[in-house]
Structures are given as structure tokens and as C-alpha cells.
Amino acid sequence: AQSVTQLDSQVPVFEEAPVELRCNYSSSVSVYLFWYVQYPNQGLQLLLKYLSGSTLVKGINGFEAEFNKSQTSFHLRKPSVHISDTAEYFCAVSGSGTSGSARQLTFGSGTQLTVLP
Amino acid sequence: DVKVTQSSRYLVKRTGEKVFLECVQDMDHENMFWYRQDPGLGLRLIYFSYDVKMKEKGDIPEGYSVSREKKERFSLILESASTNQTSMYLCASSFDQRHSAFFGQGTRLTVV
């Protein structure tokens, strides 16, 4: 099985500043990695994902993330945030195999990003 | 658009009752998941299924069971509801591990 650790539960940042939300994972098999966003009173939606290939992946709304296998990390970044980016962000992992346990989609505890004016 | 529909937005049940939460998806997805979402704890996986009649325990299966008799429907059962099962329950489905999971609107369950 896999596990995910999001190191920061709350990240306050001023508008137009850069931000990094940290995510580390643990798995005994190759993984697929995801970031989801949950805006206030809304459902979760996919921000970006890493399956294979280039370690830098770009998502919606100007976000990007870098897969680092040696550090088992998948940190999310944005060079300049807006008020509208205020939301909760979840990192998630699944295995790339076909066994039952590999199909498990495991989420982290979430990071609340608050963008201040 | 993919649609994942949960049968209720809000439920209030008494301690000891048997509770059924229903989830239906309309995109022929293989995988279906049940999570509970609690502040500060994120989404915790209760059970998931990757085929009809197949089920796998997640991280917190105690006190819950599931049923998947048809591909489009995945039910979560609380055998004997307790107050510590008060939570937001989220159902999700995906085509496979490489694709996005799509979430229902959630069921806020209160056990009194």
C-alpha cells in the first residue's frame, strides 16, 4: 500500500507571491501522483498528475509540480498566486501495478492555502 | 461529463441504526471509492472496488461494509452507526489508476 504526507496543514501567502505546497509519498512499487484542489463548498477536482516521463508537470490555473523519485516528493508550485487560489489542496498516490492494493487511491491530509490581499 | 451521484446530501441517523449510502456513476468506470473527510485528517479511504463484486479494504474499514452488485453502483453500509462515524462521506470513481477520480457532492452524515 501507499501513503502520503503533506507537511504543512496551513500555508498563508500574500497575493502575487510564489508558493510551494509540499508532498512526500511512500510506496514499494512505482506510483502515479496527483494533486487535487477543493474550493470552498465545492467538490474535489484534478489539478495535475504525474504518470511517467518528464518529471515537471503542468496543470490548470498556472500550477506545476515536480516529481523527485530519490526524495519521494511531488511538491506543488505556483510562481504568483491570486486570491482565487484560496482552497484546500490534496496530494494523492496510487500504484502503477494491476494488483488490488495498487489500485488504491490514497490522499494526504490536505494543505489549506490562504491567499491574503 | 462524468457524473457521480450520491443519494443524499444530508442524513441524520440514530446510534445503532443500519445506514446505507448509495453512489452511482454513469461513465462505466472500473474503480469506485468511498472516503470520509474530516477536518485536519483529509480524505481517508474506507473501501474501494475495481470490479463488480470485488472489494478491497482501505485504511479505515472498521465499522463499515460495501456492496458492488452492478458496475455503476457502489454502496457503503454502516452496520451499526456510532457517533464517531459522524462525517462527510465522499464517493469517487475512475476509469483506472492513470485517470482522474471524479467525486460526488458528498453526504454529510450526523449520528446522534
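No experiment lies behind these values; they were computed from the predicted model shown.

### A look at the overall build of chain B
Item 1. Along chain B, the regular secondary structure elements total zero helices and 11 strands.
Item 2. Ordering the α and β elements of chain B from the N terminus gives β-β-β-β-β-β-β-β-β-β-β.
Item 3. Relative to the globule expectation of 13 Å for 112 residues, the C-alpha radius of gyration of chain B, 13 Å, shows essentially globular dimensions.
Item 4. In terms of principal-axis extent, the alpha carbons of chain B reach across some 40 × 25 × 25 Å.
Item 5. Across the 112 residues of chain B, 51% fall into the buried class.
Item 6. A sequence separation of at least 24 residues applies to 54% of the contacts in chain B between residues at least 6 apart.
Item 7. A total accessible area of about 5500 Å² is found for chain B, and carbon and sulfur atoms account for 50% of it.
Item 8. Charge-centre separation for chain B: the mean point of 16 positive side chains lies 5 Å from the mean point of 15 negative side chains.

### Let's talk about the interface of chain A and chain B
Reports often express the size of an interface as the amount of accessible area lost when the parts come together.
Item 1. Counting residues at the interface gives 24 residues for chain A and 21 residues for chain B.
Item 2. In total, about 1700 Å² of surface goes out of reach between chain A and chain B, with carbon and sulfur atoms giving 56% of it.
Item 3. Summed over the shared surface of chain A and chain B, the number is zero salt bridges.
Item 4. At the surface where chain A touches chain B, the tally comes to seven residue pairs in polar contact (both at pLDDT 80 or more).
Item 5. Within the residue set of the side of chain A that touches chain B, elements represented by two or more residues are strand E5 (31-38), strand E6 (44-50), strand E10 (87-95) and strand E11 (106-107) of chain A.
Item 6. Here the side of chain A that touches chain B is built from residues that sort into 10 nonpolar, 11 polar and three charged.

### Quick word on the state of the cysteines
Item 1. As enumerated under the stated definition, the model contains two disulfides over all chains in all.
Item 2. Residue Cys23(A) pairs covalently with Cys91(A) via a disulfide, S to S 2.0 Å. For the disulfide bridge between Cys23(A) and Cys91(A), the dihedral angle about the S-S bond is near -65 degrees, and by the sign convention the bridge is left-handed. Here the residue Cys23(A) occupies a position in the loop between strand E3 (19-21) and strand E4 (24-26), and Cys91(A) occupies one in strand E10, the gap between them amounting to 68 residues. Residues Cys23(A) and Cys91(A) agree in their burial class; the two are buried.
Item 3. Across the disulfide, Cys23(B) is cross-linked to Cys91(B) (sulfur-sulfur distance 1.9 Å).

### Details of the nonpolar core
Item 1. By size, the foremost hydrophobic cluster in this structure holds 28 residues, and its most contacted members are Leu33(A), Trp35(A), Leu47(A), Leu48(A), Phe74(A), Leu76(A) and Tyr89(A).
Item 2. At the level of elements, strand E2 (10-14), E3, E5, E6, strand E8 (64-68), strand E9 (73-78), E10 and strand E12 (111-116) of chain A are the ones that each hand at least two residues to this core.
Item 3. Contacts of Leu47(A), omitting those with residues within four sequence positions, involve Trp35(A), Tyr36(A), Val37(A), Gly59(A), Ile60(A), Phe63(A), Leu76(A) and Tyr89(A).
Item 4. Counting 20 residues, the second-largest nonpolar core is a separate cluster that includes Val4(B), Tyr47(B), Ile60(B) and Phe74(B).

Conventions and cut-offs
Residues numbered from 1 in each chain as written. Chains lettered and ligands numbered in written order. Predicted model: local features only at pLDDT ≥ 70, side-chain atom pairs only at ≥ 80, totals over all residues. Heavy atoms only, no water. Helix = DSSP H or I, 4+ residues; strand = E, 2+ residues; numbered from the N terminus. Rg over C-alpha atoms; globule rule 2.2 N^0.38 Å. Buried < 20%, exposed > 50% of the residue type's maximum accessible area, 1.4 Å probe, protein only. Contact = heavy atoms within 4.5 Å. Areas by Shrake-Rupley, 256 points an atom, 1.4 Å probe, with all protein chains shown as cover. Lys, Arg positive; Asp, Glu negative; His and termini not counted. Charge placed at Lys NZ, Arg CZ, Asp CG, Glu CD. Buried area = accessible area lost by both parts, 1.4 Å probe. Salt bridge = Lys/Arg side-chain N within 4 Å of Asp/Glu carboxyl O. Polar contact = N/O pair within 3.5 Å; in protein donor to acceptor, adjacent residues only side chain to side chain. Nonpolar A, V, L, I, M, F, W, Y, C, P; charged D, E, K, R; others polar. Disulfide = S-S within 2.5 Å. Core = buried A, V, L, I, M, F, W, Y, C linked by side-chain atoms within 4.5 Å.

Just geometry here; none of it tells us what the structure is for.
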